[in-house]
Amino acid sequence: MATSALNRITKALLAPALALGVTVGLASAPASAAVWSSCDQWGNTTLNGYTLYNNIWGSGAGSQCVWANSGTNWGVWANHPDTGGIKSYPNAKKVINKSITSLSSLTSSYNVTVPSSGSYNTSYDIWDTNYDYEIMLWVNKTGAVGPLGTSQGTLTLGGSTWTVYKGNNTANDVFSFVRTSNSTSGTVNILPILKWIKDTKGWFGNVTIGDLQFGFEITSSSGGLDFVTNSESVTSG
């Protein structure tokens, strides 16, 4: 799940766009003409204050193309083999750049359409500005996927009930909150989760939250599957 997470972020930010030499068939294109699309490994663009990444970072990946009508309405078609290991994390990123104590609110709403087959999770991936800490919020999961680390028990916070996992991938600490029931739409109150990690558990201090990403962490999608973010919003104060 989070193995090489820092590496994937660095690549997403710094690596040149490398064409995969694949095209999207008509069946996998959005219903209306998208304002942007890319099949490049590190293809990215910024729309409405959100940065979209195709972000094919794992080994043994297949074909993947991302499209967007806006920064908050986008999707991806992916055809990754069932060989184990995460292949990609296509996502939309919002930069927060505020310390936890300076935030008065941080919430996000989502509405997605995801396949019933394959192996993946739909998740928020939240980073501090130094990339020392990664906070993942899994809102749904399908297939043979699981978080890094060991279970810390179950917690109801931020509008959902989660099983919490704590781990380290040698590059950074990873705190994963896995929703106990799958959801394809809802609102997450993120700030209380960050404060719980900081104040209740003491797993980090008053870090500055940098990237807040939302997307699909795909392990396998054999034959080609569609993942769609129908809508998303991130608000902070």
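Residues numbered from 1 in each chain as written. Predicted model: local features only at pLDDT ≥ 70, side-chain atom pairs only at ≥ 80, totals over all residues. Heavy atoms only, no water.

Caption draft 1: Inspection of the state of the cysteines at higher detail. Under the definition given, this model contains one disulfide. Each disulfide pairs two cysteine sulfurs, and for Cys39 the partner residue is Cys65, the sulfurs being separated by 2.0 Å. Residues Cys39 and Cys65 are joined by a disulfide whose S-S torsion is about 110°; by sign, that bridge is right-handed. With Cys39 in the loop between strand 1 (36–38) and strand 2 (44–47) and Cys65 in strand 4 (residues 63–70), this residue pair connects regions lying 26 residues apart in the sequence. The exposure classification of Cys39 matches that of Cys65, with both residues buried. (Disulfide = S-S within 2.5 Å. Helix = DSSP H or I, 4+ residues; strand = E, 2+ residues; numbered from the N terminus. Buried < 20%, exposed > 50% of the residue type's maximum accessible area, 1.4 Å probe, protein only.)

Caption draft 2: Main features of the pattern of salt bridges. On inspection of all chains with the given rule, the structure shows two salt bridges. Residue Lys93 pairs with Asp211 through a salt bridge whose shortest N-O separation is 3.9 Å. Taken as a pair, Lys93 in strand 6 (residues 91–99) and Asp211 in strand 14 (residues 208–220) lie far apart in primary sequence, 118 residues in all. Take Lys93 and Asp211: they sit in the same class, and that class is buried. We note a salt bridge from Asp199 to Lys198, for which the minimum N-O separation is 2.7 Å. Judged by relative accessible area, Lys198 falls into the buried class, the value being 18%. (Salt bridge = Lys/Arg side-chain N within 4 Å of Asp/Glu carboxyl O.)

Caption draft 3: Region of the structure containing the nonpolar core. Counting 46 residues, the largest nonpolar core has Leu106, Tyr124, Ile135, Leu137, Phe177 and Ile197 as its most contacted members. The element contributing the most residues to this core is helix 2 (residues 190–201), with six residues. Apart from the residues lying within four places of it in its own chain, the contact partners of Phe177 are Ile135, Met136, Leu137, Trp138, Leu155, Trp162, Thr163, Val164, Ile193, Trp196 and Ile197. (Core = buried A, V, L, I, M, F, W, Y, C linked by side-chain atoms within 4.5 Å. Contact = heavy atoms within 4.5 Å.)

Caption draft 4: How the structure looks around the environment of Ile86. Inspection of the secondary structure puts Ile86 in the loop between strand 5 (73–79) and strand 6. Residue classification places Ile86 among the buried residues on the basis of a relative accessible area of 12%. Sequence separation between Ile86 and Glu217 is 131 residues, and the spatial gap between their C-alpha atoms is 6.9 Å.

Caption draft 5: Local environment of the sheet that holds strand 1. Spatially, six strands are ordered 1-4-5-15-7-13 in an open sheet, and the strand pairing comes out antiparallel. Each having just a single partner strand, strand 1 and strand 13 (185–189) make up the two edges of the open sheet. Averaged over all pairs of adjacent strands, the angle between their axes in this sheet comes to 20°, without regard to strand direction. Where strand 7 (residues 106–113) and strand 13 come together, five bridges link them in antiparallel fashion. Residue pairing for strand 13: Tyr110 is matched across the bridge by Gly186. (Pairing = 2+ DSSP bridges. Axes fitted to C-alpha atoms, helices over the stretch in contact; angles between N-to-C directions.)

Caption draft 6: Quick look at helix 2. Here helix 2 spans 16 Å end to end across twelve residues, near enough to the 16 Å set by a 1.5 Å rise per residue. Of the residues making up helix 2, those classed as buried are Ile190, Leu191, Ile193, Leu194, Trp196, Ile197 and Lys198. (Expected span 1.5 Å × (residues − 1).)

Caption draft 7: View of the side chain of Lys87. Looking at where Lys87 falls in the secondary structure, it is placed in the loop between strand 5 and strand 6. Among buried charged residues, Lys87 stands out as having no salt bridge; its nearest opposite-charge side chain is Asp82, 6.5 Å away. A polar side-chain atom of Lys87 sits 3.3 Å from the main-chain carbonyl oxygen of Pro81. (Lys, Arg positive; Asp, Glu negative; His and termini not counted. Polar contact = N/O pair within 3.5 Å; in protein donor to acceptor, adjacent residues only side chain to side chain.)

Caption draft 8: Main features of unusual backbone geometry. For Asn97, which is not glycine, the phi dihedral falls at a positive 55°. Tracing the chain through its elements places Asn97 in strand 6. A positive phi is found at Tyr131, a non-glycine position, where the angle reads about 60°. Here Tyr131 is to be found in the loop between strand 8 (119–128) and strand 9 (133–142). On the basis of relative accessibility, which here comes to 18%, the residue Tyr131 falls in the buried class.

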